[in-house]
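# Descriptive analysis of the structure
The primary structure of each chain is shown beneath.
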Amino acid sequence: MTQHQSRKAVPFDTMQYLFEETGFHDHQVHAVIHFDDAVDAEAMARAVMLLMETVPLLSSRYHHDGGDDSWEPAPYTLDDVWSLAATDEAFQRFVTSRTDEANGPQLRACLGEDGHALAATANHMVCDAIGFKQLLYLLAAYYTGLRAEAGYVPGPLNQAERGCRDVLGATTLRRRLAILRGLRDLPWPGTAALPLGTGSDAAPFILVHTLPSARYGRLLAYCAAERVSVNDVLLTAYHRALAATPCVDGEPADVPIMVDMRRYLRSRATTTIDNLTSTANTRIDVAPGETFTGTLARVHTQMDHLKRNLIGMETVVWLWSLARRSPRKRYEAIRQGLRNPNLCMTNIGVIDAGKLTFAGTRVQDAVVTNAIKYRPHVQVAASLFRDRLTFSTNLYGDAHDQDTLRRLHAAIDAELPGRDPADAPVPDRVYAGPQR
């Protein structure tokens, strides 16, 4: 295997590392792909090994040294990164499993017993959901190459420097200082939370709710008519669903949303695998009896304001302001500055079926979802594959929590425009792991 050099951790690595310490989530990203036909297990295993070669951070271990952290090369074997599930229960356990950042590797994959399903898990410190999708596209390309030619070797990736240096290029020094001054006035996320359990019998699960394909077409038509984005509509439905939930205690729910900071890069012509996700808070007080269109108008106005004012840049500028501190003081400042919201949402976006092509084997369904949260934190993730919009919510919880989150998914679904009783419902799926 190719040997590579150690590299310094970047501030976003530190943040993800600390999310475990502060009890927010387990900093992993997950994907499940279902195929129409069985794939070639041997070729898929070799494709995973090629991925480890071309993206060196995947074959590293994370060395934590009080803030002076680094990624160090780590040996690995096929058994470390690849497995075949003998049963459906074993496959489900893998779906909710995690990597070991301290020892590596930072990605693992598993093929279901009949070859019709593939699961992958990666360390969120290495990549966010957008970067994870890039890894999946590379895996598909490598599998396709190996199926065409046994000796296939991919070319080198055009990988830029990790971190937010290029993102900061979208601001001036004056604007950064203004953002820092404004941080003092930003409210902390509210305390509204769903009624989740508190017992010790929590186990990881990923709950998946998918809308019928025809529903998404009607949703797009609605967005075009209202001149809003799909994200505006999803966020509106989430706020309204939360407002209708008695557990929110009547207060407006703060819903931070994830922001892909690649929007500020000067050039996107790289396949750099990175974690470049920031957040922006949204707060909407849904009035009793207010129509969906009325709430949507205020969500759209708020989102438009955020986008005009460098949405998500506060976190990046805050990290920039800590750059001159020693690694340990910077680490402690980040740890003390983190505030984990109880409720949040992320739009992972389109999973490109044209790029997720495995040597002609059609992908029937694919979902990419984020980290598994610790109670009381809940994040709803949305992703789209072949016009099928999917919500997923991940939690270390119990059966009661699963029921609570199913009701939340159903409430969001009920709020979204374009419902038709003639649509055939798509059964919910749950991937459940063992108690920890």
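Below you will find a few notes about this structure. Since this is a predicted model, take the numbers as computed values, not measurements.

What follows covers the pattern of salt bridges. The final tally for this structure, using the stated rule, is 23 salt bridges. For D36, the salt bridge is made with R362, and the minimal N-O distance between the two is 3.4 Å. Taken together, the residues D36 in the loop between β2 (28-35) and α2 (41-54) and R362 in the loop between β11 (343-350) and β12 (363-369) connect sequence positions 326 residues apart. Judged by its relative accessible area of 30%, D36 is partly exposed. With relative accessibility at 40%, the residue R362 sits in the partly exposed group. Residues R328 and D65 are paired through a salt bridge, measuring 3.0 Å at the closest nitrogen-oxygen approach. Of this pair, R328 sits in helix α12 (residues 327-337) while D65 sits in the loop between β3 (60-63) and β4 (70-73), and the two are 263 residues apart along the sequence. Through salt bridges with shared partners, a single network forms among D13, R162 and D274.

What follows is about the packing of aromatic side chains. In this structure the tally under the stated criterion is eight aromatic pairs. A ring pair is formed by Y142 and Y152, whose centres lie 6.4 Å apart and whose planes are at 50°; its orientation type is tilted. Taken together, the positions of Y142 in helix α5 (residues 129-148) and Y152 in the loop between α5 and α6 (165-168) put the pair 10 residues apart, joining distant regions of the chain. With centroids separated by 4.7 Å and ring planes inclined at 20°, the aromatic side chains of Y374 and Y396 adopt a geometry described as stacked. Here Y374 is found in strand β13 (residues 373-374), whereas its partner Y396 is found in strand β15 (residues 388-397), with 22 residues between them in sequence.

Attention now goes to the sheet that holds strand β1 (residues 7-8). The strand order across the open sheet built from three strands is β1-β4-β3, with neighbouring strands paired in antiparallel fashion. The two strands at the open ends of the sheet, each matched to only one other strand, are β1 and β3. The pairing of β3 with β4 spans four bridges and is antiparallel. Within β4, the residue paired with R61 across the bridge is E72.

Among the surface-exposed residues, D88, E89, E113 and D114 lie close enough to one another that they form a single negatively charged patch. Tracing the chain through its elements places D88 in helix α4 (residues 88-95). Relative accessible area serves as the criterion here: at 42%, D88 is assigned to the partly exposed category.

Let us look at α4. Looking only at α4, the buried set comprises F91, Q92, F94 and V95. Taken end-on, α4 shows its buried residues confined to a sector of 160°, consistent with a single buried face. Structurally, α4 contributes buried residues whose contacts are with β2, β5 (82-84), β6 (107-111), β7 (117-123), β8 (203-210) and β16 (429-432).

All right, on to the nonpolar core then. If you look at the biggest cluster of nonpolar residues, it comprises 121 residues, and the most contacted ones within it are F132, Y238, L356, F358 and L408. At 11 residues, the largest contribution of residues to this core is made by α5. Residues in contact with F132, not counting those within four places in the same chain, are V29, H30, A31, L107, A120, T121, A122, C127 and V368. In this structure, F91, A119, V367 and I372 belong to the second largest nonpolar core, which totals 16 residues.

All right, on to unusual backbone geometry then. The general pattern is negative phi for most residues beyond glycine and trans for most peptide bonds. Omega for the bond connecting G104 with P105 falls within 30 degrees of zero, at -5°, which places this linkage in the cis form. You can see P105 is positioned in the loop between α4 and β6. If you check the backbone angles, D387 has positive phi at about 65° while not being a glycine. By the element assignment, D387 lies in the loop between β14 (378-385) and β15.

Side-chain direction in a regular strand flips from residue to residue, so the side chains alternate between the two faces of the sheet. Judged by how many residues are buried, β12 sits mostly within the fold: six of seven residues are covered. Here six bridges tie β2 to β12, and the two strands are oriented antiparallel to one another. Looking at β12, one finds that V32 is bridged to V367.

Attention now moves to the sheet that holds β7. Overall, mixed pairing links the five strands, which are arranged β5-β6-β7-β2-β12 in an open sheet. Where the open sheet ends on each side, the last strands, each with one partner, are β5 and β12. On average, adjacent strands in this sheet sit at an angle of 15° to one another, irrespective of strand direction. For β5 and β6, the ladder comprises three bridges, and the chain directions are parallel. Looking across to β6, one finds that W82 is bridged to A109. Its contacts with the sheet put α4 on β2, β5, β6 and β7, and the angle it makes with β7 is roughly 25°. Relative to β2, α5 is tilted by about 40°, and along the sheet it contacts β2, β6, β7 and β12.

Each value, and the rule that gives it
- Residues numbered from 1 in each chain as written.
- Predicted model: local features only at pLDDT ≥ 70, side-chain atom pairs only at ≥ 80, totals over all residues.
- Heavy atoms only, no water.
- Salt bridge = Lys/Arg side-chain N within 4 Å of Asp/Glu carboxyl O.
- Helix = DSSP H or I, 4+ residues; strand = E, 2+ residues; numbered from the N terminus.
- Buried < 20%, exposed > 50% of the residue type's maximum accessible area, 1.4 Å probe, protein only.
- Phe/Tyr/Trp six-rings, centres within 6.5 Å; stacked < 30°, edge-to-face > 60°.
- Pairing = 2+ DSSP bridges.
- Patch = residues over 30% accessible without salt bridge, like charges linked within 9 Å, V, L, I, M, F, W, Y side chains within 5 Å.
- Areas by Shrake-Rupley, 256 points an atom, 1.4 Å probe, with all protein chains shown as cover.
- Lys, Arg positive; Asp, Glu negative; His and termini not counted.
- Charge placed at Lys NZ, Arg CZ, Asp CG, Glu CD.
- Arc of directions from axis to C-beta.
- Contact = heavy atoms within 4.5 Å.
- Core = buried A, V, L, I, M, F, W, Y, C linked by side-chain atoms within 4.5 Å.
- Axes fitted to C-alpha atoms, helices over the stretch in contact; angles between N-to-C directions.

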